[in-house]
Amino acid sequence: MAGVSSVSLASVREGLESRLPGADLALAEDLFGVLAILDSNAGLRRALTDPSRTGQDKAVLADQLIGGRVSSEAADVVRDLVSERWANARDIGDALETLAATVVISVAEQGSGVEGLEQLENELYAFVQVVASNHALQRALSETQATPESKVALGLKLVPGAGPAARLLIRQAIESPRGLKPAALVERFLELVAARQQRWIANVSVTRPLTADQFERLQSGLNGLYGRELKVNVKVDPTLIGGVRVSVGDEMVDSTVVTRLSELRRTLAG
């Protein structure tokens, strides 16, 4: 996904973030349910991505489609989604799949933080490993003549100790692989888990080694800033000249002398 669709997905994901602290798996199930409706109706996908329609018009159409069938919270997410611009009809389904999976991953994160994400990662990875090593399983999970229920039952037997979040993502990958092999879609979900884990890691570049007291103050300050217990990785980079550079996930905080000089040069050049 690129261009306008990528920008739209980023916007909707940012809006979803405020809903995640209180989200549950029921929200993800509702969103996956709406995805199934979109995947089964090409005309609807085209209508919801028609650039000649206003965002409000598309939101009204979505309300007519799902009103009373999903929670109000899920309906709000779908309205936000369809109100954006999409380069092609396929992109809106891919985006909805990403949003639903993000909700599941966030639920795994709740309470236990990065440990919950690591557990989810391990459970999904275990499924991928078992399937990848057995061609008969690969065929069985993609067998078009088998019922979805039987394939899901088989898939979940492969990870008997998996928690609810992993089971939901594996179920979704088997029931609706959307042109992929189930294990390939689970691998895509694993990429989302890995990206979520980066929110718990602060990569810090400084010009000289920190003392124990400085590191402790840095750790405390970052935890307070981001509202969670971060793992802090410190790298000494003398080329920075001065200041500190911090990245957490996609966020970058840069107060180095090099950066300020570069900004000054751009200002003078302008």
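Before reading on, note that the structure itself is shown above.
Below or above, wherever it landed, is the structure these notes cover. Keep in mind that what you see is a predicted model, and the values were worked out from it rather than measured.

Regarding its fold elements, the protein presents 13 helices and four strands. When its C-alpha atoms are laid out on the principal axes, the protein stretches across 65 × 50 × 30 Å. Across the 270 residues of the protein, 42% fall into the buried class. Restricting to contacts in the protein with at least 6 residues of sequence separation, those with at least 24 account for 68%. A total accessible area of about 14,100 Å² is found for the protein, and carbon and sulfur atoms account for 52% of it. The distance from the centre of the 29 positive side-chain charges to the centre of the 34 negative ones in the protein is 5 Å.

A few words on a nonpolar patch on the surface. Together, Leu210, Phe215 and Val234 make up a nonpolar patch on the protein surface, roughly 200 Å² of accessible area in all. Positionally, valine 234 belongs in strand S2 (residues 231–236). The class for valine 234 is partly exposed, based on a relative accessible area of 35%.

Time to look at the packing of aromatic side chains. One pass over the structure, following the stated rule, counts zero aromatic pairs. The ring of tryptophan 200 has arginine 228 sitting right over it, with the charged end atom 5.8 Å from the ring centre.

Parameters and conventions
- Residues numbered from 1 in each chain as written.
- Predicted model: local features only at pLDDT ≥ 70, side-chain atom pairs only at ≥ 80, totals over all residues.
- Heavy atoms only, no water.
- Helix = DSSP H or I, 4+ residues; strand = E, 2+ residues; numbered from the N terminus.
- Buried < 20%, exposed > 50% of the residue type's maximum accessible area, 1.4 Å probe, protein only.
- Contact = heavy atoms within 4.5 Å.
- Areas by Shrake-Rupley, 256 points an atom, 1.4 Å probe, with all protein chains shown as cover.
- Lys, Arg positive; Asp, Glu negative; His and termini not counted.
- Charge placed at Lys NZ, Arg CZ, Asp CG, Glu CD.
- Patch = residues over 30% accessible without salt bridge, like charges linked within 9 Å, V, L, I, M, F, W, Y side chains within 5 Å.
- Salt bridge = Lys/Arg side-chain N within 4 Å of Asp/Glu carboxyl O.
- Phe/Tyr/Trp six-rings, centres within 6.5 Å; stacked < 30°, edge-to-face > 60°.
- Lys NZ or Arg CZ within 6 Å of the ring centre and 35° of its normal.

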